[in-house]
Amino acid sequence: MPTVSVGRDRLFAGLGKTYTQEEFEELCFDFGIELDDVTTEKAIIRKEKHLDEEATEDEEVIYKIEVPANRYDLLCLEGLVQALRIFNGLDELPKYKLSKILSDSMLKVHVKPETSKIRPFIVCAVLRGVTFDEARYNSFIDLQDRLHQNICRRRALVAIGTHDLDTIQGPFTYEALPSRDINFVPLKQVKRFRADELMEFYKSDLKLKKFLHIIEKSPVFPVIYDCNRTVLSLPPIINGAHSAITLKTKNVFIECTATDLTKAKIVLNTMVTTFSVYCERKFEVEPVEVVSSDGKSCVYPDLSLYDLEVPLSYITGSVGVSLEASQVCSLLNKMQLHAEKSITKEECSILVSAPPTRSDILHACDVMEDVAIAYGFNKIPKRKPASLMSVALNQISELIRLEIAMNGYTEVLTWILCSYKENFFMLNRKDDQLTASIIANPRSADFEMSRTSLMPGILKTVGHNKDHPKPIKIFEVGDVVVLDEAKDVGARNRRQLAALYCGANSGFELIHSLVDRIMEVLGTPFVPIGDETGYYIRLSDEPEFLPGRQASIIFKGKHIGTFGIVHPEVSSNFDIPDPCSFMEVNIESFL
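Every residue gets a number counted from 1 within its own chain, in the order that chain's sequence is written. The model is predicted, so local features are restricted to residues of pLDDT at least 70 and side-chain atom pairs to those at 80 or more, both for listing and for counting; the totals for chains, interfaces and linings are taken over all residues. Hydrogens and water are ignored here; the side-chain numbers use all heavy atoms of the structure.

Participant: Help me get a handle on the pattern of salt bridges, residues and values and all.
Facilitator: The salt bridge criterion pairs a side-chain nitrogen of Lys or Arg with a carboxyl oxygen of Asp or Glu, the two atoms within 4 Å. Scanning the entire structure with this criterion turns up 27 salt bridges. In this structure, D145 and K207 form a salt bridge, with 3.7 Å as the shortest nitrogen-oxygen distance. Remark: K207 occurs in the loop between α6 (195–201) and β11 (221–225) and D145 occurs in helix α5 (residues 134–149); sequence separation between them is 62 residues. Each residue gets one of three labels from its accessible area relative to the maximum for its type: buried under 20%, exposed over 50%, partly exposed in between, using a 1.4 Å probe on protein chains only. Under the relative-accessibility criterion, D145 is labelled partly exposed at 29%. The class of K207 is partly exposed, set by a relative accessible area of 43%. Segments assigned H or I by DSSP are reported as helices when at least four residues long, segments assigned E as strands when at least two residues long, and all are numbered from the N terminus.

Participant: Let's hear about unusual backbone geometry: which residues, and what values?
Facilitator: Of note, the amide linkage connecting P235 to P236 takes the cis form, showing an omega dihedral of 5°. In this fold, P236 is placed in the loop between β12 (231–234) and β13 (238–239). With an omega dihedral of 0°, the bond running from Y300 to P301 counts as a cis peptide bond. Tracing the sequence through the fold places P301 in the loop between β16 (297–300) and β17 (306–311). Even without a glycine there, the phi angle at R154 is positive, about 55°. The partly exposed category is assigned to R154, whose relative accessible area is 44%.

Participant: Can you break down the packing of aromatic side chains residue by residue, with the values?
Facilitator: A pair of aromatic rings is counted whenever rings of Phe, Tyr or Trp (Trp by its six-membered ring) have centres within 6.5 Å, and the orientation is called stacked for planes under 30 degrees apart, edge-to-face for over 60 and tilted otherwise. Following the criterion strictly, the structure yields 21 aromatic pairs and no others. Taking the centre distance of 5.2 Å and the plane angle of 75° together, the rings of F526 and Y535 count as edge-to-face. Every member of this aromatic cluster is reached through a ring pair, and the members are F132, Y137, F140, F275 and Y278. Lysine NZ or arginine CZ positioned within 6 Å of the ring centre and within 35 degrees of the ring normal marks a charge as sitting over the ring. R155 extends its terminal NZ or CZ atom over the ring of F211, reaching a point 4.0 Å from the ring centre.

Participant: Tell me about the environment of S572, residues and numbers included.
Facilitator: Tracing the backbone through its elements, the reader meets S572 in helix α15 (residues 568–573). Sequence separation of S572 and E309 is 263 residues, and the distance between their C-alpha atoms is 56 Å.

Participant: Can you break down the state of the cysteines residue by residue, with the values?
Facilitator: Disulfides are defined as pairs of cysteine sulfur atoms found within 2.5 Å of each other. One pass over the full model with this rule turns up 0 disulfides. Unpaired in this structure, C365 has its nearest cysteine sulfur neighbour in C329, at a distance of 18 Å.

Participant: Could you give me a rundown of helix α4 (residues 77–87), with the residues and numbers involved?
Facilitator: When you tally the buried positions in α4, you get 11 out of 11 residues, the bulk of the element. Residues L77, E78, G79, L80, V81, Q82, A83, L84, R85, I86 and F87 constitute the buried set of α4. At the C-terminal side of α4, G89 shows a positive phi close to 80°.

Participant: Outline the sheet that holds strand β1 (residues 3–7), listing residues and values.
Facilitator: When DSSP locates at least two bridges between a pair of strands, those strands are taken to pair. The sheet built from 3 strands is open, its strands ordered β1-β3-β2 with antiparallel pairing. Both edges of this open sheet fall to β1 and β2 (34–40), since each of them pairs with a single strand only. Strand-to-strand twist across the sheet, computed as the mean angle between neighbouring axes with direction ignored, equals 25°. Summarising the sheet, β2 and strand β3 (residues 61–66) pair through 6 bridges and their orientation is antiparallel. Across the sheet, T39 pairs through a bridge with I62, a residue of β3. In what follows, a contact means two residues having at least one pair of non-hydrogen atoms within 4.5 Å. Between N-to-C directions, angles cover 0 to 180 degrees, with each direction set by a line fitted to C-alpha atoms, over the stretch in contact for helices. Helix-sheet contacts for helix α1 (residues 8–15) involve β1 and β3, and the interaxial angle to β1 is about 85°. The strands that helix α2 (residues 21–31) touches are β2 and β3; relative to β2, the one it contacts most, it runs at about 145°.

Participant: Break down the environment of E78 for me, citing the residues and quoting the values.
Facilitator: With respect to the element layout, E78 can be found in helix α4. E78 sits in the buried class, given a relative accessible area of 8%. As a C-alpha pair, E78 and A354 span 276 residues in sequence and 19 Å in three-dimensional space. The residues contacting E78, other than those within four sequence positions of it, are R10, R136, S139, T274, F275 and Y278. A polar contact of 2.6 Å, which involves the side chain of E78, links it to the side chain of S139. Here a polar contact means two N or O atoms within 3.5 Å. Within protein one must be a hydrogen donor candidate and the other an acceptor candidate, and residues neighboring in sequence count only if both atoms are side-chain atoms.

Now the structure itself:
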């Protein structure tokens, strides 16, 4: 999780109270964050430079606070102070709003069609009447850096540019031009550079060279101009020196260029909501109209609330405490969520409105989590879960692991993702289109789907270790994934056991005896065919096994597994020269 460094004294001043370290650690725990370290600015420098100087009493104390990765609003001092003050009941929930401005007076950004080749999206906003001091200015810059490292994915998805609006003039244009046609003075420089020259110049810059790869091989570079053809920025690399913000800046123009529009909106909302507190009109943001190349226009930022309705029974049932609707609403208000009670004929629900600062609220489970945090995890009474299935499943899994290990087998762990070819064609199986969950956009041919059997991983392990002394006796207890329309995600995990014997002979009788031993340990008797009080075996016809040398395992009338000699063609597909016997069984059948 990201760590935010803030000055202790400024933090306590913002909170309106001085805490001891223990008291502040407790406050952080109650809010769901953590005080990771206490240090000083000079101590950090000494550590980086490996100096042995002693600390002095006048050094500013720095708190390093660990925050959740999806809480972008907590990545700076201002966001932390606001969140903790609301949590402590010192402040009410802020109401963010857009300035009432006529369409004709609104700043406009015109997007050229060429930008679709490199960085197609841009969103913008204006903060009017901002009052900066050195600490606020540094925090403003630090928030941009932390967002760049976090949700912006090192500027690959989103890049933020901030400008002194009084030094530039709209309307603006967002273009994509050949590098040789872009010429401007970059930030902290006095000389003009062409964009291609800048690429070479920044290859020696420790900070900026990490971002050059994003655009340097593109035939066109993104660039933002004002109406006088003054370059505002060359995203995602550098801003222009002409529009650089200073401590005297009063009006800030913020632009975010992106390859992901959703993340760009989140980043822009985070910037403007966090620092609108310093505007002349608190929590008010001036919108900007973005006109795309096809003539469509959108106004940013979008500061509307995200509404969702959550059943009270879901919240109380998941958290494990009995709460009234009014209590839940009060707890959610502490977590910066607007909440009110709603009663229908069916049940009582909570209407939740997430402000633009809370982009992490996507589902009812996020609301439930905030209720649990605000209530206090330590206050939730311990209880036995309503269903002991998961506990029992893990207990059975451990029992089986121990028993098979005592039979001389070595446990292996293989990937739950595999290639489509390994899961089907290399096992002589056909895809029925009803069982396997396929990954829509796999990054690698080795991970195209979730496995429906443990067999590919086991055979692949043997194939990579075929020179190992024989016999090879391995097993795995792990999950497979199968489609299930009854589940909200459309699929479910299923716990399986698989074991393999590979040696000079097939070892069919050894795998058969292992099946019998597992059934014995689980207290399942062997019964005649047709008897549903225990288990029995009958001849099967699975393509991955040798015909006539395989059997299905039937438990209480249901097929739960198969064992047999691996088909020579399948062994050859996995580059295994020796005969093998394999068994696989569904452990969940015994619950």
